[in-house]
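Each chain, letter by letter, is given below.
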Amino acid sequence: MSRVIKRAAVLGSGVMGSGIAAHLANIGIPTLMLDVVPRDLTETEKKQGLTLEDKSVRNRIVSNNKQALLKQKPSPITSKRSLDLIEVGNMEDDLEKLADVDWIVEVVVENLAVKKQVFAQVDKFRKEGTIVSSNTSGISVERMIEDCSDDMKKHFLGTHFFNPPRYLKLLEIIPTKHTDDEIVSFMKEFSENVLGKGVVEAKDTPNFIANRIGTYGLQVTVHEMTKAGLSVGEVDSITGPLIGRPKSATFRTLDVVGLDTFIHVAKTVYDQVEGEEKAVFEIPSFMQEMNEKGWIGAKAKQGFYLKQKGKDGSTILQLNPETMEYEERKKLKTAAVEMAKQQKGSRKKLKALLSQPGDKASDFLWNIFKPTLLYSAELLGEIADDITQIDNAMKWGFGWKMGPFETWDAIGLRKSVERMKKEGTTVPSWIEKLLDEGNETFYKEDNGNVYFYDNGEYNQVDFNKKEINIKRLKSTNGVIKKNTGASLVDLGDGVALLEFTSPNNSLGLDVVQMVNSAIDEVEKNYEGLVIGNQGTNFCVGANLALMLMEAQDDNFFELDMVVKQFQNMTLKIKYSEKPVVTAPFNMTLGGGAEVTLPAASVQASAESYIGLVEVGVGLIPGGGGMKELYLKMLRDLPQGVDFDLIKVANTVFERVATAKVSTSAEEARENGFLNNYDGISVNPDHLLYDAKQRVLALAQLGYKAPKREKIPVVGDAGYAAMMLGAKQLQLSGYASEHDMKIAEKLAYVLSGGRIKEGTVIDEQVMLDLEREAFLSLIGEPKTQMRMQHMLLKGKPLRN
């Protein structure tokens, strides 16, 4: 019998419990969320005449925590409708409902005795075969269920989500000696394919994998900062993106996580280890003092950093751990840092940074990398069975671009081990053995396959069949054709992939040419095309700098030609004889949205932030995006039912005029950028696979290119309605004179010109109006100021 999780329960509704419930609801799993019953009435409840027996009082804690999901930033929910799938209850009245669920996740307080009490109750009410798991971040999962039934023991394991569950990829699965192998396999597959997680299997040891190594690395960094006499800001300036770590680097990360939380996690290990390892996990006295003062980070608005408001705006100050006072933030600038900045890619940057003994930054980084790499190597076998589990845990849980063993390969394994030995450091014997066998790296690649070192041999990394890696694909299948802006790659099974490769995946004429060329190639030799990539973002729009230069040089003939070519490209996507499926993810803005909208179908990553944002730089969409959004909304309306055309046009006008960006693919659907037939991939690693399947499905159904469309427009009446809304914004102080000029152009295009409401026009007419309005705005000095400001500051100018 194949197992399916149709319904789940989450026990505990705090930040983590409600976050897990929200993630389950986001992907469509109805979830029961339970919490404790309050012991006292609030003043409001007393005034309402309620008692401790009233259901609203008994469910108050869980109900409040469910509502709090709407206010949290970043939002744990992908749509307000997710809340409809979360049913609330309490752990006294509603435990019998656990018999109706397929998976129960415990997320109560980190206290072994409390967890054992909860699991004793769960064991009474669950039906046989129900999977039960704990989200503990460090308590022994084995000990939690030592008194439970054999059936529960067989179906029990640790499932450690990272916070916030919607956004962080890592899920550590921790089986006990009793857990059935079938349950472990099922949960891995379910977690990857349904929950969209990156799964690692950890052993039942303190803090498992990611928190054990991550906390160690952070502690080593703090101790080394004190030794080297560096400041908080100096450390953060060299422990972020420069070394392939998140922008929050070291101390900003601690402020975000919360110093109280970090101290709790470090103490879990400190209490269970001995000797030198124990000393590393000891919290420095200045951090203890910060915790006592309540300077615990972002939630206290004060931690290692303090934001101070002044006459000229806000200033970020750094804490001086010696004086415990705040001072101006500093950055560390050395020759090694400057050299690393010139290198491309994390591997080369890191190699340059660590290869200059005597340089202050180089020495500091070597002194934190060396112990962390050795610690990871020493823990192999204790916390995880192989190096891939450790590397993936650090990449998915802590946002490292390379795990410890990948990092070691990048800086040169043999050379770094020789340096360690010269410094009198003992290296784990299994690494000595690896080098003695004549090997130079932990990982090897051959013919698109990846191999890792494991007990004297190299074993193949077993990737999920739904994971398509473009880099590995190119090494085996090669490239069909390419230019400076894009590549066409064979995805297999008669499907091609067009990958943007321009800087920041911006759209220039090179990309336009490759899209046209790719569709020509696909129409002759393939079943269909996926437009997707694996950059940081799908596409953040056209090459703004190039367009600004042309406008400042009054090259309007050139600009007209460029915009026309872009419009023709989007039409080619739309009317391709073979199905084109776009696979947007993360930022899909402006031109990125205009490439997405005309496709035969869209397969979007759950984390897709789609919007036509051109108004932010004083323009309107020029590549047909507005037209396609309007048409997509019209197509979504029920057939044969009268509808208000002006209302549809107004909605599109508002989306574009306010540069509204969806906060998820689900919200993009609500905003009209996706329709009910478009797909959403929860696991970003499976996005290209899912898009490929969508192409094949369309091809198998005998895909036919759409017929050229006529567009019903709102004319003069619609124009007046749109401008009325814009005028109200201006009178309220929300729109400037230049905003009104943009709004007029926008309304004119959407209304189809000054014609009668209900007139049907050819889409080329709307494209011509769009292009004309775009060119007229780009010539405006205030628009050019907005474009320049965006390029220099990265944020919109209001003028």
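Relevant structure appears above.
Let me begin by describing the structure that accompanies this report. Everything numeric in this text was worked out from a predicted model, so none of it was measured.

### Focus on the sheet that holds strand 23 (residues 679-681)
Step number 1: A sheet is described by the order of its strands in space; here 7 strands give the open sequence 15-16-17-18-19-21-23, paired in mixed fashion. Where the open sheet ends on each side, the last strands, each with one partner, are strand 15 (479-482) and strand 23. Neighbouring strand axes in the sheet, compared pairwise and without regard to direction, differ in orientation by 25° on average.
Step number 2: One ladder, built from 3 bridges, connects strand 21 (residues 601-605) with strand 23; its direction is parallel.

### Remarks on the packing of helix 32 (residues 737-750) against helix 33 (residues 763-778)
Step number 1: For the pair helix 32 and helix 33, interaxial distance at closest approach is 9 Å and the crossing angle is 170°. When the axis of helix 32 is compared with that of helix 33, the two are roughly antiparallel. Two packed elements cross with a definite hand, and for helix 32 against helix 33 that hand is right-handed. Between helix 32 and helix 33, the residues in contact are Lys741, Ile742, Lys745, Tyr748, Val749 and Leu750 and Met766, Leu769, Glu770, Ala773, Ser776 and Leu777, respectively.
Step number 2: Per-class residue counts for the contact of helix 32 with helix 33 are 8 nonpolar, 1 polar and 3 charged.

### Some details on the environment of Gly294
Step number 1: Within the secondary structure, Gly294 sits in the loop between helix 14 (285-293) and strand 9 (305-310).
Step number 2: By relative accessible area, which is 30% here, Gly294 ends up partly exposed.
Step number 3: When residues no more than four places from it in sequence are discounted, the contact partners of Gly294 are Ala300 and Gln302.

### Remarks on the packing of aromatic side chains
Step number 1: This structure, assessed with the given rule, holds 18 aromatic pairs.
Step number 2: Here Phe119 and Phe156 contribute two aromatic rings whose centre-to-centre distance is 5.1 Å and whose plane-to-plane angle is 80°, an arrangement assigned as edge-to-face. In this pair, Phe119 is assigned in helix 5 (residues 112-125) and Phe156 in strand 6 (residues 156-161), connecting sequence segments 37 residues apart.
Step number 3: With a relative accessible area of 0%, Phe119 lands in the buried category.
Step number 4: On the basis of an interplanar angle of 15° and a centroid distance of 5.8 Å, the ring pair of Phe186 and Phe190 is categorised as stacked. Here the residue Phe186 and the residue Phe190 both occupy positions in helix 8 (residues 181-193), the gap between them amounting to 4 residues, near one helical turn.
Step number 5: We classify Phe186 as buried; its relative accessible area is 14%.
Step number 6: Of the residues examined, Phe190 reaches a relative accessible area of 6% and is grouped as buried.
Step number 7: Within the aromatic cluster, the residues linked to one another by ring pairs are Phe405, Trp408, Trp430, Phe442, Tyr453 and Tyr458.

### Some remarks on the environment of Glu550
Step number 1: Mapped onto the elements of the fold, Glu550 is located in helix 24 (residues 544-552).
Step number 2: Since its relative accessible area comes to 22%, Glu550 is described here as partly exposed.
Step number 3: Every residue in contact with Glu550, bar those within four places of it in the chain, is listed here: Asn555, Glu558 and Leu559.

Calculation rules
Residues numbered from 1 in each chain as written. Predicted model: local features only at pLDDT ≥ 70, side-chain atom pairs only at ≥ 80, totals over all residues. Heavy atoms only, no water. Pairing = 2+ DSSP bridges. Helix = DSSP H or I, 4+ residues; strand = E, 2+ residues; numbered from the N terminus. Axes fitted to C-alpha atoms, helices over the stretch in contact; angles between N-to-C directions. Parallel < 35°, antiparallel > 145°, perpendicular 65-115°, else oblique. Left-handed = near helix turned anticlockwise from the far one by under 90°. Contact = heavy atoms within 4.5 Å. Nonpolar A, V, L, I, M, F, W, Y, C, P; charged D, E, K, R; others polar. Buried < 20%, exposed > 50% of the residue type's maximum accessible area, 1.4 Å probe, protein only. Phe/Tyr/Trp six-rings, centres within 6.5 Å; stacked < 30°, edge-to-face > 60°.

Nothing here speaks to function; it is all geometry.
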